[in-house]
Amino acid sequence: FHHTSTSHWCSCSKTISDEKYQDPFQLGRKDLKNLYEDIKKELLVSAAELKEMCDYYFDGKGKAFRPMIVVLMARACNIHHNNSKEVQASQRSVAIIAEMIHTASLVHDDVIDDANSRRGKRTLNQIWGERKAVLAGDFILSAASVALARIGNTTIISVLTQVIEDLVRGEFLQLGSKENENERFAHYLEKTFKKTASLIANSCKAVSILGCPDPKVHEIAYQYGKNVGIAFQLIDDVLDFTSCADHLGKPTAADLKLGLATGPVLFACRQFPEMNAMIMRRFSKPGDVERARKYVLQSDGVQQTTYLAQRYCHAATREIRKLRPSPEREALVHLTEMVLMRDK
């Protein structure tokens, strides 16, 4: 379903766009040149082992999805405000800080989840052990905080430290579950916002504040980032059921094995109420994970979650179209389609 549902998206993107079709990755590339080298400069450290751990994920092989959204948003807001075509140094710093916060959160997540693979390679905790992995995550986060302080803008510091608070609160939400089925979906969406979307929303807001004094533009940037971020995670939760492990770079049904009920499970629950007991015991009995996976694939859970992601992407597109037309604005529109079409 996932691929058939999204094929019509790419055909309509050509007709909607006012500007020539823009590949976000091509357009953002020049602002992201040397991104990982610059991150490594922020992580200057004399201890060889800590340096090796910090450099492990900043190997230049990531898609740099978050920094790319941030620099495109910076350009779109600058053009909207005074037709400035340049990304300011402070705006690029936000892109670097966003990637550092994101990576630190992955390192900590892998420790909490006892994960053994990430992006197709072994996790830090697998190689160096949990204690050192926690410290490496802390160190990356502290280096991001130093870089943030260097921007020297208290509003930006306040906006981006909110992300760190949300990440912790989101992790706590993920550790709990709701008895009440009606509250469960709201709990899931709040957790999704805090763990995934807050970083994108607040990074977009930060660069809009640096580039334009209009609070309406700050809200547009924030809402775009929030909606794209939630859609991104919803598709991630779909791929946990529909993609093969080799393609995804991590084991499939990973969320079920961690005892997590994501969108596809919560939708499937409406058709298979017997899943409620499994959700409450966090799929801990032998055979629960396999049974739950089968129920999800027999239900319309994957389809409904994909529809929901489409609705969030529509909302993101509606927001970003409030800015003046620019190639960057169109690239951000196209990015919402890419989020829906990704298969890993």
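Scroll up to find the structure.
Residues numbered from 1 in each chain as written. Predicted model: local features only at pLDDT ≥ 70, side-chain atom pairs only at ≥ 80, totals over all residues. Heavy atoms only, no water.

(A) Geometry of the pattern of salt bridges. Across all of its chains, the model carries 17 salt bridges by this definition. Taking the shortest distance from any N to any O, the salt bridge between K51 and D55 comes out at 2.7 Å. Pair noted here: K51 and D55 are both in helix α4 (residues 48-57), with a separation of 4 residues, about one helical turn. The class for D55 is buried, based on a relative accessible area of 18%. Between K194 and E190 there is a salt bridge, with its nearest N and O atoms 3.4 Å apart. Of this pair, K194 and E190 are both found in helix α10 (residues 181-211), 4 residues apart, which corresponds to roughly one turn of the helix. Three or more residues are tied together by salt bridges with common partners; here these are D38, K41 and R92. (Salt bridge = Lys/Arg side-chain N within 4 Å of Asp/Glu carboxyl O. Helix = DSSP H or I, 4+ residues; strand = E, 2+ residues; numbered from the N terminus. Buried < 20%, exposed > 50% of the residue type's maximum accessible area, 1.4 Å probe, protein only.)

(B) Examining helix α8 (residues 130-151) more closely. Relative to the 32 Å expected for 22 residues at 1.5 Å per residue, α8 spans 32 Å between its end C-alpha atoms, a close match to the ideal helical length. The complete set of buried residues in α8 reads A133, A136, G137, I140, L141, A143, A144, A147, L148 and I151. Down the axis of α8, the smallest arc covering the buried residues is 155°, so these residues share one side. Residues of α8 that are exposed and point over 90 degrees away from its buried face: R131, L135, V146 and R150. Considering only its buried residues, α8 is in contact with α3 (35-42), α4, α6 (89-113), α7 (124-128) and α9 (154-175). Residue G152 follows α8 closely and has a positive phi angle near 75°. (Expected span 1.5 Å × (residues − 1). Arc of directions from axis to C-beta. Contact = heavy atoms within 4.5 Å.)

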